[in-house]
Structure formats: C-alpha cells, structure tokens
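What follows is each chain in one-letter form.
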Amino acid sequence: MFRSLRTFNYRVWAAGALVSNIGTWMQRTAQDWLVLTQLTHQNASAVGIVMALQFGPQMLLLPWTGLAADYFNQRKLLMVTQATMGGLALALGLLTVTGVVQLWHVYVFAFLFGCATAFDAPARQTFVTELVGDAELPNAIALNSTSFNAARMVGPAIAGVTIASVGTGWAFLINGISFIAVLTSLSLLRVDELHANARARLSKGSFLEGFRYVWSRPDLVVILIMLFLIGTFGLNFPIFISTMAVTVFHADVGAYGLLTSIMAIGTISGALLAAGRDRPRFMSVMIGCGVFGLGCTLAAISPSYWLFAGSLVIIGVASLTITNTTNSLMQISTEPAMRGRVMALRLAIALGGTPIGAPIVGFVSDHFGPRWGLGVGAAAGFAAALVAVYAIAKGMSASPATRAFRR
C-alpha cells in the first residue's frame, strides 16, 4: 500500500506536500466561512461565484496549461506556481487581518489562485511519474490523494480553531507560510534520480494535437463525460457543507470545520483502497459514481447533524474512488509526451465545469434549500453511473484503458 515511499524523491515530495496541503485546506475553509458569514448574509450564491472564479481558469487557460506541463521542466514550473500561490495567500491574509477585505477582493484572489492552480495541477499530476516511474504510478497517485485528504481532515479543524481564536485572516497567512515546505522539498530532490518524461515539441498545432488524441480514444471520451457530470454538479462540497451546516443545522465555525474533517475520513479511506489495488479498473469508477449518488441522497435527507456527517464519509469514499481511478487510467494509457495536455483536459472538464455547476447549485440551495442542492449532486452521480453502464454494454475495447472496462 505504501510502496512508493521506498523512493527517496517521493518521500521528500510527499513530506513537503502534506504540510502545504494542510495550509491549503485551512484557506479553503476560511475562505468559505469568510464569504458565507462575514462578507454576506449566508449567501450560497456568493460561495458559488467564488468557486466558479477559482476553477474557471482550468478551462479558460486550457490551451496553455497542459502544453506548459508537457514542454517545460516540471520541477521548475512547480516551483514558480507554488511560490505564486504562497504569495497570493499571504496577500489575502494581510487584507483580512487588517480588516479591509471586501467581497470583490475575495473574487479577485479566487481568480488569481485559479490561474496559478491551472498551471500547477497538470504539472503536479504528471510530475508524479518522474518521481516514481510508470510501474508505481497508480500507487503514488493514490498516496498523493491520501496526503491531500489527510490534510483535509486536519486543516479545516485547525482553521476552525484559528478563526475562532485569532480571526479568519490568520488561516490565510498560515497557508502562505506552508508553501515554504513544498518549495523546500522540490529543491531537495535528487534530480539525477528522476524518471524524466519525454518533452513535447512546441509547434503551432500542439494544443489541437491533444484534442485530436483524446477524440480518437473513446475510452477517454467516456471518462471525461462522467467527470464532467460529477465535477460540474457533484463536487461542490463548499456549498453543500457550508449551507447545510449554517442554515439547516445552525452550526458554529468549529462544527462547520469538523464536517469537512469528517468527510476526510471517507476520502482517506477511498485513497488507501486505491493504493492497495494493483491496477485501476473502470468498474471501480462506475461503482464509485453510483455510491456517490447514494451518498448525496442520504445527506440530503439526513435529519440530524451527525447523520449528515456520516453521509459525508460515504461521499468521500466515492469521490476519491472516481477521481483517483480516472487519473490512473488516463495517465497509464496515455503517451508520455501527451500526458500534460491530457491531464489538463481532464482537470478542465472535471473542475472547469464548476463555473457552470457551482452557481446553479448555489441558486438551488438559496431558493429551494440546501437539501435540494445536494439532490443535484445525487442526480449527477446516478447519471454518470448510467454513462458507465452504457459504455460497458457497448463493449468498447479498442484501446488499453477501455480493455480495463471488463476487468
């Protein structure tokens, strides 16, 4: 389950990433709380706009982000993007601590964070291959998710205590400082031990080449359709959790942060289950989508805070099963020189749909209630599962990834 940690470079990277991930989850929790309770009067639509601005650049900058990951030295690119995000966190923290922050400030910083993340995410996901090689890639991806979601368990809880004791701005400042850890880990890597990926050649049609490659692979197209449904209408956890906590269960900041930490129990479990598998299977994605829909349904009808929290564990297991398995399937079956563009397209589909889905879910939550917002997520999960059933019924087996459909 933890075999990738035998590699020195991966151990160093994982240690730095864990510290930075804790800071990232502190910021996410603080940002949602700031918008929902301090800058608006429990306005879920405003949270949805922040999410749209933060994830929109994944789609907006798609022509450049994947190509950058394929063309540039990924370690150096990550040092630039990580330093940029750290600086933005410090700036937002200073605005908040000094009491001058306004809603439009959060909107601007969400968009700038999104731009930096749009370049960071494809490079970070494909850089894992350089750390461990293709053989251990699925395990390393799963362990990355374990780290990210272990931070999801710790970060929001620390954020809740920080916000209650010294204020929201300090959560942003701590996140900014936490980027020092990942920058240090990148500088300590043994460069001569990296498994260098083939670099793409920069040409006029480099971006369109990525689209043509994906379009020629029915298995990748099916996965992207499923990710669009789940990412656009299902992965709106800041809206789901914050609106249910504040407007339905009337929770304080500590209880709100605890919900995100409880959800991390499920996401860590899903990540560890993925780490223990010898290879990714499409059937796992189909089951994950169905369970995701079931979990959102249970959350929507939960009569109490603790039953809602238990439903979040189910949603967490399912969401990590979907994201980890699709990540592994797409990377393993993609040519090395195309991975950055394919992963950028994957992220653009999975996260770039947020500008569409988050405002819709926020609108539904504001006008019909948070439970109906969760109902939208449930419908997305069941629809994605039906897409998978259709793909399996058609027996698409013309490419390496779709041959996994039947295993």
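Each value, and the rule that gives it
Residues numbered from 1 in each chain as written. Predicted model: local features only at pLDDT ≥ 70, side-chain atom pairs only at ≥ 80, totals over all residues. Heavy atoms only, no water. Helix = DSSP H or I, 4+ residues; strand = E, 2+ residues; numbered from the N terminus. Rg over C-alpha atoms; globule rule 2.2 N^0.38 Å. Buried < 20%, exposed > 50% of the residue type's maximum accessible area, 1.4 Å probe, protein only. Areas by Shrake-Rupley, 256 points an atom, 1.4 Å probe, with all protein chains shown as cover. Lys, Arg positive; Asp, Glu negative; His and termini not counted. Charge placed at Lys NZ, Arg CZ, Asp CG, Glu CD. Contact = heavy atoms within 4.5 Å. Polar contact = N/O pair within 3.5 Å; in protein donor to acceptor, adjacent residues only side chain to side chain. Salt bridge = Lys/Arg side-chain N within 4 Å of Asp/Glu carboxyl O. Phe/Tyr/Trp six-rings, centres within 6.5 Å; stacked < 30°, edge-to-face > 60°. Lys NZ or Arg CZ within 6 Å of the ring centre and 35° of its normal. Patch = residues over 30% accessible without salt bridge, like charges linked within 9 Å, V, L, I, M, F, W, Y side chains within 5 Å.

**Q** Kindly report on the overall build of the protein chain, identifying the contributing residues and their values.
**A** When its secondary structure is counted, the protein chain shows 18 helices and 0 strands. Relative to the 2.2 N^0.38 estimate, which gives 22 Å for 407 residues, the radius of gyration of the protein chain is 20 Å and therefore close to what a compact globule would have. Across its three principal directions, the C-alpha atoms of the protein chain cover 50 × 45 × 40 Å. Across the 407 residues in the protein chain, those meeting the buried criterion constitute 58%. About 15600 Å² of surface is accessible on the protein chain, with carbon and sulfur atoms providing 70% of the total. Looking at charge distribution, the protein chain has the averaged site of its 25 positive side-chain charges lying 5 Å from that of its 14 negative ones.

**Q** Outline the environment of Ala245, supporting the account with residue identities and numerical values.
**A** Within the element layout of this structure, Ala245 appears in helix H11 (residues 237–248). What makes Ala245 buried here is its relative accessible area of 0%. As a C-alpha pair, Ala245 and Asp366 span 121 residues in sequence and 14 Å in three-dimensional space. Other than its neighbours up to four places away in sequence, Ala245 contacts His250, Ala251, Tyr256 and Leu259.

**Q** Residues and numbers for the environment of Arg217, please.
**A** Locating Arg217 in the fold gives a position in the loop between helix H9 (206–215) and helix H10 (218–233). Remark: the alpha-carbon pair of Arg217 and Thr334, spanning 117 residues in sequence, is separated by 9.8 Å. Polar contacts involving the side chain of Arg217 include one to the main-chain carbonyl oxygen of Ser333, which spans 2.9 Å.

**Q** Provide a residue-level description of the pattern of salt bridges, including the pertinent values.
**A** Summed over all chains, the structure comprises 5 salt bridges. Salt-bridge contacts for Asp70 lead to Arg341; the nearest nitrogen and oxygen are separated by 2.8 Å. Remark: Arg341 occurs in helix H15 (residues 339–352) and Asp70 occurs in helix H4 (residues 62–71); sequence separation between them is 271 residues. With respect to class, Asp70 is no different from Arg341; both count as buried. In this structure, Glu193 engages Arg190 in a salt bridge whose closest nitrogen and oxygen atoms are separated by 3.4 Å. Given a relative accessible area of 38%, Arg190 falls into the partly exposed group.

**Q** Can you lay out the packing of aromatic side chains for me, pointing to particular residues and giving the numbers?
**A** Tallied over the entire structure, the rule returns 8 aromatic pairs. Arranged with centres 5.2 Å apart and planes meeting at 55°, the rings of Trp25 and Phe148 form a pair that is tilted. Separated by 123 residues along the polypeptide, Trp25 in helix H1 (residues 8–39) and Phe148 in helix H7 (residues 137–165) bring together distant segments of the chain. The interplanar angle of 80° and the centroid separation of 5.1 Å between the aromatic rings of Tyr71 and Phe72 together place this pair among those described as edge-to-face. Using a relative accessible area of 34% as the deciding quantity, one classes Tyr71 as partly exposed. Taking the relative accessible area as the measure of exposure, Phe72 reaches 45% and is therefore partly exposed. Its guanidinium or amino end placed over the ring of Trp25, Arg28 lies 4.8 Å from that ring's centre, counting from NZ or CZ. For Arg190, the ring lying beneath its charged end belongs to Phe8, and the centroid distance is 3.6 Å.

**Q** Help me get a handle on the environment of Leu77, residues and values and all.
**A** By secondary structure assignment, the location of Leu77 is in helix H5 (residues 74–97). Judged by relative accessible area, which is 14%, Leu77 ranks as buried. A sequence separation of 46 residues divides Leu77 from Ala123, and the C-alpha atoms of the two residues are 7.4 Å apart. Not counting residues up to four positions away in its chain, the partners in contact with Leu77 are Ala68, Ala69, Phe119 and Ala123.

**Q** Can you break down a nonpolar patch on the surface residue by residue, with the values?
**A** Taken together, the side chains of Leu60, Trp104, Val108, Phe111 and Leu112 define a hydrophobic patch exposed on the protein surface, amounting to about 460 Å² of accessible area. For Leu60, a relative accessible area of 52% gives the class exposed.

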